[in-house]
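Breakdown of the fold
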Amino acid sequence: APRVFSGIQPSGNLTLGNYLGALRRWVEMQDEGIPTVYCVVDLHAITVWQDPEKLRNAIREVASAFLAIGLDPARSILFNQSQVSGHAELAWMFNCVARIGWMYRMTQFKDKTAGKNAENSSLGLLAYPSLMAADILLYHATHVPVGEDQKQHIELTRDIAAKFNHDYGVDFFPMTEPVIEGVATKVMSLRDGNKKMSKSDPSDMSRINLTDDADAIAAKIRKARTDPEPLPETVEGLAGRAEATNLVNIYAALAGTSAEAVVTEYAGQPFSVFKPALADLAVAHLGPITGQMQRYMADPAEIDRILGAGAEKAAAIADPILARTKEIIGLISSR
Ligand code: ATP
Ligand code: MG
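Here is what the cut-offs are and how they apply
- Residues numbered from 1 in each chain as written.
- Chains lettered and ligands numbered in written order.
- Predicted model: local features only at pLDDT ≥ 70, side-chain atom pairs only at ≥ 80, totals over all residues.
- Helix = DSSP H or I, 4+ residues; strand = E, 2+ residues; numbered from the N terminus.
- Rg over C-alpha atoms; globule rule 2.2 N^0.38 Å.
- Buried ≥ 20, exposed ≤ 12 C-beta atoms within 10 Å, placed from the backbone.
- Bend = angle between axes of the 7 residues up to and from the residue.
- Contact = placed C-beta atoms within 7 Å.
- Right-handed = clockwise from strand over helix to strand, strands pointing away.
- UniProt positions renumbered as here; feature names shortened; annotations may be inferred.
- Near = placed C-beta within 6 Å.
- Nonpolar A, V, L, I, M, F, W, Y, C, P; charged D, E, K, R; others polar.
- Domains from an automatic or database assignment.

Examining the overall build of the protein
The helix and strand inventory of the protein stands at 13 helices and five strands. Relative to a compact globule of 335 residues, whose C-alpha radius of gyration would be 20 Å, the protein shows 21 Å and is just as compact. When its C-alpha atoms are laid out on the principal axes, the protein stretches across 70 × 45 × 40 Å. Sorting the 335 residues of the protein into buried and exposed places 40% on the buried side.

Dropping the structure here:
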């Protein structure tokens, strides 16, 4: 039976990249009537140090974004990872199945340790994909809507599932499929067209946050890096123009159209014309979401109640799968 799982880290402000690359698709899948399990992956966030007060707030902010974009706790299971202990338990078992070399090959680990001494990063940052495999497989999820950057981790999830099944001679964990669709599967930084937009980027000007107001959005788009050329006459003319391509793709994703259609509409126009149009479009889309998030954030007790109720529903699916996993491995789980 199909089941969707996905997660997002409370590691900073949610970005337009998170929204266009992942969150928007989550709502569609819920609305298609597929069973959906969506998680604030707080255990992933602490793979790099987080200020405890800010972390608590970020968990609630991500949960309020879930509600603001249209995820419904009556139809989707919404919870935070650390409240369902099976995630950490299964991750440990997968740590014993996955190989160290697999982890060193992950581009996210390389990106997140670039320019630093990788040996001095947390062991958790290296093992991150093993916990992610546990998140997904704890629910026997078949589909995971994510951005392009997570494709490699889903492939690793399949490798872990296959090795577990092979090592224990079972056909227990499914081969999960990534769902990576649309024109904005990899939104790039506004400061560097070759770097992914990320909520943990030290530069706030590199991203549009879901909590930014209209003035902030307009200022960030106005200052976004571009080349001096006007928009081309055709999409082929975007080749080699990473920043221009990124802005066109963002526009297309927000307008629900293709890059071709956007280039046709703005053919030969300078960025001084295109950027304000893009800012207006972004404000029109994000303004209502920001407003809703603020309303949910005003009642943290209600958010905590929703997350707690979601954790109970999540555990009801996870517990039998975890118990069966222990049995397969040879652990005694009855007491
Ligand atoms: P961090 O910098 O802390 O890793 P992040 O912005 O990468 O934060 P994650 O919580 O790691 O966010 O990822 C949540 C989801 O958003 C994932 O499905 C990921 O693929 C997607 N995503 C993240 N950044 C982008 C982006 N720039 N474009 C499209 N999708 C993205
Ligand atoms: Mg990330």
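After presenting the structure, the write-up continues.
Notes on helix H12 (residues 271–297)
Within H12, the axis deviates most sharply at Leu 286, by approximately 35°, and proline Pro 288 lies no more than four positions further along. The complete set of buried residues in H12 reads Phe 271, Phe 274, Leu 278, Ala 279, Ala 282, Leu 286 and Met 293. In this structure, the buried side of H12 is in contact with helix H3 (52–69), helix H9 (214–222), helix H10 (242–255) and helix H11 (259–266).

Some details on the pairing of strand E1 (residues 4–8)
Here E1 lies mainly inside the structure; five of its five residues are buried. Here E1 shows a buried face lined by Val 4, Ser 6 and Ile 8 and a second buried face lined by Phe 5 and Gly 7. Once the chain exits E1 it traverses helix H1 (residues 16–31) before rejoining the sheet at strand E2 (residues 36–40), and the crossover so formed is right-handed.

Observations regarding the UniProt feature "short sequence motif: 'HIGH' region" (unreviewed entry) in the protein
Here the UniProt-annotated "short sequence motif: 'HIGH' region" (unreviewed entry) positions come out as residues 10–18. With 33% helix and 0% strand, residues 10–18 has its two end C-alpha atoms placed 12 Å apart.

Looking at the site of ligand 1
Residues in contact with ligand 1 amount to 20 residues; listed here are only the nearest, Gly 17, Gly 21, Gly 147, Ser 198 and Ser 200. Considered class by class, the residues forming the shell around ligand 1 number five nonpolar, 11 polar and four charged.

So, the domain arrangement of the protein
By the assigned domains, the protein splits into domain 1 (4–185 + 299–329) and domain 2 (211–295). For domain 1 and domain 2, the distance between their C-alpha centres works out to 30 Å. Counting from both sides, the interface comprises 10 residues of domain 1 and, opposite them, 10 residues of domain 2. Among the elements that take part in the side of domain 1 that touches domain 2, H3 stands out by supplying four residues, more than any other.

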